[in-house]
Every structure is written in structure tokens, then in C-alpha cells.
Amino acid sequence: MSTSRVKSAERVLDVLDLLARRGVPMAATEIASELDLPKSTTHHLLNVMRDRRFVSYWPDQRAWTLGVSAFEVGASYMRSGPLHREGQRHMVALTQAADETSHLAVLQGTDVIYLDKREPLKPGVRLVTEVGTRLPAHLTAVGRTILARLDPEQLSALYAGYTWPTRTGEGPTSLDDLRALLKADRELGYAVERDSTTNGVTCIAGPVVTREGRPVAALGVAYLTGARTDAETAELAQLVTDAAAHFSDSLSDRMVEESIES
């Protein structure tokens, strides 16, 4: 491989690292200055990266942020790394405490992928959330609790030109509808979805986040709609949010340990 190609690869990685560390939109001139790059080179890199969705440009701010593809790469790491390993014991504990089916899911684009599932000993609810199932994130509690933690710019980029599919006739049908739901989810600290993915089934989910607050997954439970009183539902929501919080803490600790060991 030529030296020029290696240099270009290094510059691309430098741009991604800078945008990730800053966590706020940055102007091209600021990126060029921080990385000591010519302005023309910086604009060329950013345009190529935008074409591959690793960065997004916001004309109203004249600034750049990380794009959807960068988020998906991070999610892929979490699926293959400590996320799945750590998730198993928290799912088992949640299933035992709630006596309901629990599941672990991650966001990929506008969908969620279910990575794992644990069922109670009693006859449970028949769900569409088998391991490996992909569903539209806006219809699911696990999807919404992740989406609620994304930056507004990330959310806009993710749903640009989206067609808003439905499964049961329930669920948001526009970005404005979704934003309203996500605002309520953030205020609650968890998401509740009733009958949007499967008629007669309700799901409650809480976010799994890094120490910096970035959402990487969701932990949820599912049960028959109407099978629990309001008080029981509140208790179940507390179990879910507590499990997600413990999962977040243990995941962050494990990632720190692995970074030290490496």
C-alpha cells in the first residue's frame, strides 16, 4: 500500500477520533486547525466521509458531527465484545425478579437487533423477538430507549427520508411524533410500548449506557397487555431501570479493565 494511502487513512481516523472526543458539531476550519491539516484536504476528507455516512454536515450550523455509520461501527463492537457477555447475567437476574421474558437489543441504523433472550419457567408470552430478529426501532421500547439518548442531529440524520413502517397500525408515523415519544421516554427514564410490535403485548425497556452517557444497547421485558395493575407496572419498570443501570455500570467497569489490560 502506498504511503499516501496510509496517510489518508490516518487522517480519516484522526477526524473520527476528534469528533468523537469533542461530542459537539465542529466547523471544517476548526477541524483543520485542530489536526493541523490544509483546509482543502480537510474538506475533501469530510466530503468523502459524508458520502459513506461516517460524518454528517449541518448547513444551519455550518458544522460537522459523527454520522450514522460511525455509530453502527461502535454498535457492532459492542455486539461482539463485552456487551453480550455482560448482558447474560443481568438478563437472568431480571427474568427471575420480574418473572417475565427479558431481552437484550442494539440499534443498527433505524432497526433494532435482538441479541439475546431469557424466558421464565412459567408459560410465557409468545413474542416476535427471537434472537437475531430485526424490527423497526421506532416501534419498540428497546429501540426508543436508545433513540431517546441520541443527539438531535443524529436522530435527524438517521430518519432522513424514512418511510415509517408499521406492524399493527400503532406507533409514530413521523419524526415529530417520534420526538414527542422520545421526550416522554427521557423524562420517565425508560420506554413503554403497547401493541406496536405484537397485538396484546407490552414491553418496558431501559438504556444501557457508557460512562459518558452514550447509549449502546437496551434491556427490556415483555408481558401481556393488561395483565398487570398500574402499581405492578411501576414496580416492573423499576426492576428494568435498575437492571439497566447495573448493566451499564458493570459494562463500563469491564471496558475500563480491558483497556488497561491491552
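Let us look at the structure shown here. Model, not experiment: these values are computed from the prediction.

Some words on the pattern of salt bridges
Then, number 1: Summed over the entire model, instances satisfying the criterion amount to 9 salt bridges.
Then, number 2: In this structure, Glu100 and Arg228 form a salt bridge, with 3.1 Å as the shortest nitrogen-oxygen distance. Here Glu100, found in the loop between α5 (82-98) and β3 (101-108), pairs with Arg228, found in the loop between β8 (215-224) and α9 (230-261); they are 128 residues apart in sequence, far enough to count as distant.
Then, number 3: Residue classification places Glu100 among the buried positions, given a relative accessible area of 9%.

Focus: the environment of Leu239
Then, number 1: Structurally, Leu239 is set in helix α9.
Then, number 2: Once the C-alpha coordinates of Leu239 and Thr95 are considered, the two residues, 144 residues apart in sequence, prove to be 9.8 Å apart.
Then, number 3: Those residues within four positions of Leu239 in sequence are excluded, and the remaining contacts are Leu94, Ala97 and Ala98.

Details of empty space enclosed by the protein
Then, number 1: Taken as a whole and assessed by the stated rule, the structure comprises 2 cavities of 30 Å³ or more.
Then, number 2: Taken as a whole, the largest cavity holds about 60 Å³ of empty space.
Then, number 3: Lining the largest cavity we find Leu66, Gly67, Val68, Phe71, Leu107, Leu150, Gln154, Ala157 and Leu158.
Then, number 4: Contributions of two or more residues to the lining of the largest cavity are made by α4 (68-80) and α7 (152-158).
Then, number 5: Sorting elements by how many residues they give to the lining of the largest cavity places α7 first, with 3 residues.

About the criteria used
Sequence order as written defines residue numbering, which begins from 1 separately in each chain. Predicted model: local features are reported for residues with pLDDT of at least 70 only, side-chain atom pairs are reported and counted for 80 or more only, and whole-chain, interface and lining totals are derived from all residues. Computation of side-chain values covers all heavy atoms of the structure but excludes hydrogens and water. The rule for a salt bridge is simple: a side-chain nitrogen of Lys or Arg has to be within 4 Å of a carboxyl oxygen of Asp or Glu. Numbering of helices and strands runs from the N terminus, with a helix taken as a DSSP run of H or I at least four residues long and a strand as a DSSP run of E at least two residues long. Relative accessibility thresholds used throughout: buried, under 20% of the residue-type maximum; exposed, over 50%; partly exposed, between the two (1.4 Å probe, protein chains only). Residues count as neighbours in contact if any of their non-hydrogen atoms are within 4.5 Å of one another. Space inside and on the surface of the protein is sampled on a 1 Å grid over the protein atoms alone, with a cavity defined as a set of points where a 1.4 Å probe fits but cannot get out and a pocket as an open set with protein on both sides within 12 Å along at least 5 of 7 lines; lining residues have an atom within 4 Å of a point. Grid points are joined across faces, edges and corners, and a volume is the space filled by probe spheres set on the points.

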